[in-house]
Structures are given as C-alpha cells and as structure tokens.
Amino acid sequence: MSTTTPLAFPVERPVRAREAVPEIVIAQVVEAALLWAVLDSRIDWAMAMAGHVVFAVLLGLYGLWQARRGRDTRLLSWLTWMTLTLGPAGPLATGLLAAMTAAFTLTARPFEEWYDSLFPDDHETRSEMLYRRLLEGREDAVAEGSVNSLTDVLFTGTTRAKQAVVALLARRFRSEFAPALQMALSDPEASIRVQAATAASTIEERYHATRLELEDAARDAPESAEALLALARHLDDYAYAGVLDDDRQRAVMADALNAYRAANRRLGAREDIDLAIGRLMLRLDMIEEAELHLSALSLRYEDPRPMLWHAECLFRLHRFDELRALLDDPKLAQLGLREEYTGVNPVINLWQVSALAGLQPLEQNP
C-alpha cells in the first residue's frame, strides 16, 4: 500500500524591500525627469511617451536578467508594471509598498505557525489518530487501534481510508478484528468488498499454513503439552476469525476442543484451558456435557464467565427454576459492569421480575 505524502507547507521567502530601493529611486528620477521635460517644453508629449515606454521595457528586461541570476524580483516586477501604467506615480507607489512590506515583515508570523494555530492536533481523538496513521500507511495502526475504531473508519471513512483498513487487517489480523473484516465484506462499495474477500482468503491461507506447522510440531513432540496447547489456541482463534463457513467453523472448533482436552490431560486442571473447553462445548451444542463442566467451573474459579455460560445451558435445557437461582448470584451482576457484557444486567432483571410475578417461560414444541 502506498503511503501518502505529508502536507507540504509553502516555502516562505520574505520580500527584501531594501534590495529594490536603488531601482525604485532610478525609476522615480527617470519618470520625474520625463515629466519635467514635457512641462518645461523641452520635449513634446509623443517623445515623452516613447521614452516612458522604452524605459519600462528596459526595466522589465532588467528584471528578467535579475530573475535568471536567482534574485527575488517580486518588487521589481511590481515596479515595472506600476511604472508602465502610472508613470511617475508608479515608482512612488512601489516605494510605499516596499516600506509597508518592510514594516509588516517585522511582526508577521511564519505560515507554519499560523497554520498550526488554526488546526491544532494536540487533542487528537483515538479514531482520528487511527485514521491519520492508516492514511500514512503506518504498520502499527491496527496494533494500536480497537475494533470499534476500525469499524468507525469502515462506516464513515473515505474509500481510500477503507482500503487502508482492509490492507492492514490482511497483514496484522487478529481474531478480535473479525467484526471489522465482516463489515468490509458487506461494504456498499464493490471495490472494498473485493479487497476484503481477497484479504479473507489471505488470512485463511495464513491460518491454515500455521495450523499445519503446529500440527507437525505436535506430532514431532507427542509428549509436549505446550505444543498441543499452542495448536489448540491457534485453532480456537481460527474458528472465530470470521473467514470460515458454518460447517468448517464447527469442524475447527471440534479440533480445538480435542487439542485443549489433550493438553489439559497432560498439564492438569488450568483455568484458561477449562474455560476454553466449556465455551467450545457450549458452542458445539454439547449442552448436557457443557452444563456439567461449567457448573463445576462456576464453583472452582472466581471468573464469572462460566456462570454466564452455565445459565445459557440451563435455559437451553429448560431448567428454569435452576436458572433463576443461578441468576441471583452477585458474580453475574459484577460481570454486567464490564463493557462487553452490558446486556447481562437487563436479562437478570427480567428473570427476577418474572420470578416475582410467577410467570413461566413458554415451552417450545419438540
């Protein structure tokens, strides 16, 4: 992806009014002399006009010669034009302009300082910083951005910004960025959808290649629990990457579950592995087995997530009385304080109200 050229400020070249003073004086003397000669009847008006035009042409040629030598000829050009059009008043006006320029230069602010005062970037928001880094082609943009910031850019950004997001996702993809990839795959612009589909294919190939490497490492070291755990975590991420169809996702989840179980047998009970096993069993619709496993985890660990998944199991098993009792646990209320679980508390409140009102859920037809 090509990077953008930073904003180039114009190069400031202050006008050096003093350099044009000799030419202004000479032009004033020549034009005043021509006017005096006409008024004193020494020459007629036709000859004076001819002399005036010849002098203006010579002054213009002199300005071109000075410009080729590298001199700043802005005041000289102004002097030539004003002298040609205004006669003796031209050098006088140019001298006044030179004096004003010299005075203003003493108090004028540089352009960069003026621009920075109009558009300060000290209070750049997270989304604005991500947007700028994306357009600059920064490799750390995705690493430092959140999925919400990425989806904000995909929702409101320009085509160029969206292309930058998809390109960086393809290079620095993580499973938590799956919502951003899915959003790009359904973008209204066809070019973004095509690029996102190509990125999804690239991401899937990378996941698959890494899977083959980890499977080879696990086969080469059959007694290594860490090799099995690395494979299980990779398969877990692969399943939630958002690049697989439903059938393949379930197959990868099943492989991840088997790898977690094998690693757990060698490493003993570990909280992170137990949680992953319970979550995968629930997502694979192994409800009875998941309920037994998660109920044990709810008692064994302080993490409230197994209790939430256990509540889902009880609901799907239609064990509503046990579900109401479980939802009274204060650990679930603490879980609802987390940003990613803000929907938990309203659900708990709804079940508690239904219990007080004596309402019963509708039984689903088999």
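Up top is the structure these notes are about.
Residues numbered from 1 in each chain as written. Predicted model: local features only at pLDDT ≥ 70, side-chain atom pairs only at ≥ 80, totals over all residues. Heavy atoms only, no water.

## With respect to the nonpolar core
Point 1. Grouped together as the largest cluster of nonpolar side chains are 55 residues, with contacts concentrated most on F173, V243 and Y260.
Point 2. I24, L59, L75 and L76 belong to the second-largest nonpolar core, a separate cluster that totals 10 residues. (Core = buried A, V, L, I, M, F, W, Y, C linked by side-chain atoms within 4.5 Å. Buried < 20%, exposed > 50% of the residue type's maximum accessible area, 1.4 Å probe, protein only.)

## A word on the environment of A276
Point 1. Assignment of secondary structure puts A276 in helix α14 (residues 271-283).
Point 2. Apart from residues lying up to four places away in sequence, A276 is in contact with D236 and Y260. (Helix = DSSP H or I, 4+ residues; strand = E, 2+ residues; numbered from the N terminus. Contact = heavy atoms within 4.5 Å.)

## Here's the deal with helix α4 (residues 89-105)
Point 1. Taking 1.5 Å of rise per residue, the 17 residues of α4 would be expected to cover 24 Å, and the 24 Å separating its terminal C-alpha atoms lies within 8% of that figure.
Point 2. Of the positions making up α4, those classed as buried are G90, P91, T94, A98 and T101. The buried side chains of α4 occupy one side of the element, clustering within an arc of 90 degrees when seen end-on. Opposite the packed face of α4, turned more than 90 degrees from it, sit the exposed residues L92, L96 and F104.
Point 3. On its buried side, α4 packs onto α1 (21-39) and α3 (74-86). (Expected span 1.5 Å × (residues − 1). Arc of directions from axis to C-beta.)

## Section: the pattern of salt bridges
Point 1. For the structure on display, the rule yields 22 salt bridges.
Point 2. R283 is the salt-bridge partner of E312, the closest N and O atoms lying 3.2 Å from each other. With E312 in helix α16 (residues 305-316) and R283 in helix α14, this pair connects stretches of sequence that are 29 residues apart.
Point 3. Here E312 falls in the partly exposed class, since its relative accessible area comes to 26%.
Point 4. Here R283 falls in the partly exposed class, since its relative accessible area comes to 33%.
Point 5. Shared partners join several salt bridges into a network, and the residues in it are R250, R283, D285, E312 and R316. (Salt bridge = Lys/Arg side-chain N within 4 Å of Asp/Glu carboxyl O.)

## Side note on the packing of aromatic side chains
Point 1. Under the counting rule described, the total for this entry stands at 3 aromatic pairs.
Point 2. Relative to W65, the ring of Y62 lies with its centre 6.0 Å away and its plane at 50 degrees, an arrangement referred to as tilted. In this pair, Y62 and W65 are both assigned in helix α2 (residues 45-68), 3 residues apart and thus about one turn of the helix distant.
Point 3. For Y62, a relative accessible area of 29% translates into the label partly exposed.
Point 4. Consider the rings of Y207 and Y238, whose centres lie 5.1 Å apart with planes at 5 degrees: the pair is stacked. One end of the pair, Y207, is in helix α11 (residues 190-220); the other, Y238, is in helix α12 (residues 225-239), and 31 residues separate them in sequence. Comparing Y207 with Y238, the two get one shared label, buried.
Point 5. Against the face of W65 rests R69, its NZ or CZ located 4.8 Å from the ring centre. (Phe/Tyr/Trp six-rings, centres within 6.5 Å; stacked < 30°, edge-to-face > 60°. Lys NZ or Arg CZ within 6 Å of the ring centre and 35° of its normal.)

## Some thoughts on a nonpolar patch on the surface
Point 1. On the surface, a nonpolar cluster with roughly 770 Å² of combined accessible area is contributed by V53, V54, V57, L58, L61, L64, W81 and L84.
Point 2. Of all the secondary structure elements, the ones that give two or more residues to the nonpolar patch are α2 and α3.
Point 3. Of the residues forming the nonpolar patch, the biggest block, 6 residues, is contributed by α2.
Point 4. Examined against the element boundaries, L64 turns out to sit in helix α2. (Patch = residues over 30% accessible without salt bridge, like charges linked within 9 Å, V, L, I, M, F, W, Y side chains within 5 Å. Areas by Shrake-Rupley, 256 points an atom, 1.4 Å probe, with all protein chains shown as cover.)

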